[in-house]
Amino acid sequence: EVQLQESGPGLVKPSQSLSLTCSVTGYSITSNYWGWIRKFPGNKMEWMGYISYSGSTSYNPSLKSRISITRDTSKNQFFLQLNSVTTEDTATYYCARETDYWGQGVMVTVSS
Amino acid sequence: DIQVTQSPSSLLASLGERVTITCQTSQSISNNLNWYQQKPGQAPMLLIYYATSLQTGMTSRFSGQYSGRSFTLTITSLEPEDIANYFCLQHYSAPLTFGSGTKLEIK
């Protein structure tokens, strides 16, 4: 069974970078697409982007200048980096395999 | 971006009642819409994919239909374990976009 688990700091200071890891078990990240989604306070959700089985990426244009998704196939992990964060980036961050399997999410607060 | 309008935002229903949630998209997406159930502190669970297909392992009390740009999720007979937040996702074109969610509670 595919399982995904997000990890990373729960608190990030404004202007710094947010870095999260998604650890995948039960399935290789060299197949399919692997994405990041976030849910803001108030429940609005935003698809952030994905990294494909080949390592190519696609990002939401709203984030394009700040986001990077990378991977380590030897560890079966993929990563999110979001630069120059503000309080508006406070959200629960989820990783997912395409649109079917999701992690439980990790809450990240941007605050000084 | 494709806009997805979901209604209602919250729903009070009785056990055994039939419940319907709707998502309407701003442009045609064929059947490229999924429905999810999310309980507090848990990962979202895929219920329905490609608008009408029931995900393996999900109860047949859940069903999906669509006509044009309007998509519906139906729960035929509400059970206590169905209390959750439900949302839709269009995956026809990037950026993928979501409905705003429906909080389902017992009356």
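Below or above, wherever it landed, is the structure these notes cover. Bear in mind that the values here come from a model prediction, so they are computed numbers and not experimental data.

This brings us to the state of the cysteines. Counting across every chain of the model gives 2 disulfides over all chains. The disulfide partner of C22 of chain A is C95 of chain A, and the gap between their sulfur atoms is 2.1 Å. Taking the sign of the S-S torsion, about 65 degrees here, the bridge from C22 of chain A to C95 of chain A comes out right-handed. Linking C22 of chain A in strand β3 (residues 18–25) with C95 of chain A in strand β9 (residues 91–97), this pair joins segments that are 73 residues apart in sequence. Like C95 of chain A, C22 of chain A is buried. Through a disulfide, C23 of chain B is tied to C88 of chain B; the S-S separation comes to 2.0 Å. One quick way to see it: the torsion about the S-S bond of C23 of chain B and C88 of chain B is about -95 degrees, and its sign makes the bridge left-handed.

Residue and element names in this part refer to chain B. Pairing within the open sheet is antiparallel, and its 4 strands lie in the order β1-β3-β8-β7. Of all strands in the sheet, those with a lone pairing partner are β1 (4–7) and β7 (62–67), marking the two edges. When strand polarity is set aside, the average angle formed by the axes of neighbouring strands in this sheet is 20 degrees. Bridging between β7 and strand β8 (residues 70–75) involves 6 bridges; their strand directions are antiparallel. From the neighbouring strand, Y66 faces β8, where its bridge partner is F71.

The final tally for this structure, using the stated rule, is 7 salt bridges over all chains. A salt bridge links R38 of chain A to D89 of chain A; the nearest nitrogen and oxygen atoms lie 2.8 Å apart. Taken together, the residues R38 of chain A in strand β4 (residues 34–39) and D89 of chain A in the loop between β8 (77–82) and β9 connect sequence positions 51 residues apart. Neither residue differs from the other here; R38 of chain A and D89 of chain A are each classed as buried. One salt bridge in this structure joins D82 of chain B and R61 of chain B, with 2.5 Å as the shortest N-O distance. On the criterion of sequence distance, the pair formed by D82 of chain B in the loop between β8 and β9 (84–90) and R61 of chain B in the loop between β6 (53–54) and β7 is long-range, its members being 21 residues apart. The exposure class assigned to D82 of chain B is buried, which follows from its relative accessible area of 2%. Here R61 of chain B falls in the buried class, since its relative accessible area comes to 15%. A single salt-bridge network, built from bridges that share partners, covers R38, E46, R66 and D89 of chain A.

Calculation criteria
- Along each chain, the written sequence defines residue order, and numbers are assigned to residues from 1.
- Chains and ligands are labelled sequentially in the order written, the chains with letters from A and the ligands with numbers from 1.
- Only residues with pLDDT of at least 70 get local features here, since the model is predicted, and only at 80 or more are side-chain atom pairs given and counted; chain-wide, interface and lining totals rely on the full set of residues.
- By convention in this description, side-chain values take in all heavy atoms of the structure and omit both hydrogens and water.
- The criterion for a disulfide is a pair of cysteine sulfur atoms lying within 2.5 Å.
- Only DSSP runs of H or I with at least four residues qualify as helices, and only runs of E with at least two residues qualify as strands; both kinds are numbered from the N terminus onward.
- Remark: exposure states derive from per-residue accessible area (1.4 Å probe, protein chains only) relative to the maximum for the residue type, with buried under 20%, exposed over 50%, and partly exposed in between.
- Strands were regarded as paired on the criterion that DSSP finds at least two bridges between them.
- Orientation is described by axes fitted as lines to C-alpha atoms, over the contacting stretch for helices, and by angles from 0 to 180 degrees between their N-to-C directions.
- Here, a salt bridge means any side-chain nitrogen of Lys or Arg that lies within 4 Å of a carboxyl oxygen of Asp or Glu.

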